[in-house]
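Report on the structure
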Amino acid sequence: MNKYEAEFSNLVRSFRKKHMGKGPSKVRTTFCKHWAICEMEGNLSPVEKFIASADEGKQMLRAARTEMVKEMYKKNRPAEMEEFLQARLIDLFVDIDIERDFGMSVFVFDQDIQSKFMD
């Protein structure tokens, strides 16, 4: 992870903490062309971990953690991320493995951020 990817990871963590009350404990970002691919560990709160102990809870949490996160970014434009990259967010793909507490988000920007931020 170069310094730009590390800074983007910090922006993702703080955005989620601000809008969800808890951010992931670890974020690793890789820039690939127009994408910022973020691997996230430690996403779930203690209450969510308790809910996940039941099968129905796992399904409910996965749906909430994917669809609600995408909605959150639609309602709250990630201005800090766009400003930092000087690129506009045009799409977001989100998934999470509840059992492993491991999530991935792929942010799609309107420019090639990989070539822009190569060290």
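For clarity, every value in this text was computed on a predicted model and none was experimentally measured.

Cut-offs used in this document
Residues numbered from 1 in each chain as written. Predicted model: local features only at pLDDT ≥ 70, side-chain atom pairs only at ≥ 80, totals over all residues. Heavy atoms only, no water. Axes fitted to C-alpha atoms, helices over the stretch in contact; angles between N-to-C directions. Helix = DSSP H or I, 4+ residues; strand = E, 2+ residues; numbered from the N terminus. Parallel < 35°, antiparallel > 145°, perpendicular 65-115°, else oblique. Contact = heavy atoms within 4.5 Å. Nonpolar A, V, L, I, M, F, W, Y, C, P; charged D, E, K, R; others polar. Salt bridge = Lys/Arg side-chain N within 4 Å of Asp/Glu carboxyl O. Buried < 20%, exposed > 50% of the residue type's maximum accessible area, 1.4 Å probe, protein only. Core = buried A, V, L, I, M, F, W, Y, C linked by side-chain atoms within 4.5 Å.

1. What to know about the packing of helix 1 (residues 3-20) against helix 3 (residues 55-75)
Here helix 1 crosses helix 3 at 95°, and the two axes come no closer than 11 Å. The angle between helix 1 and helix 3 places the two elements in the roughly perpendicular class. Along its contact with helix 1, which presents Val 12, Phe 15, Arg 16, His 19 and Met 20, the element helix 3 presents Arg 65, Val 69, Met 72 and Tyr 73. Here the residues of the contact of helix 1 with helix 3 are counted per class, giving six nonpolar, one polar and two charged.

2. A word on the pattern of salt bridges
Tallied over the entire structure, the rule returns 10 salt bridges. Taking the shortest distance from any N to any O, the salt bridge between Glu 41 and Arg 28 comes out at 3.3 Å. Placement of Glu 41 in strand 2 (residues 35-41) and of Arg 28 in strand 1 (residues 26-32) is noted, with a sequence separation of 13 residues between them. Assessed through its relative accessible area of 28%, Glu 41 is described here as partly exposed. Here Lys 74 ties to Glu 71 by a salt bridge, and the two come within 3.9 Å at their closest N and O atoms. Here the residue Lys 74 and the residue Glu 71 both occupy positions in helix 3, the gap between them amounting to three residues, near one helical turn. Members of the salt-bridge network, linked through shared partners, are Arg 28, Glu 39 and Glu 41.

3. What about the nonpolar core?
Counting 22 residues, the largest nonpolar core has Phe 8, Tyr 73, Phe 107 and Phe 109 as the members making the most contacts within it. If you tally residues by element for this core, the top one is helix 1, at four residues. Beyond its immediate stretch of four places on either side in the chain, Tyr 73 contacts Val 12, Phe 15, Arg 16, Pro 78, Met 81, Leu 89, Leu 92 and Phe 107.

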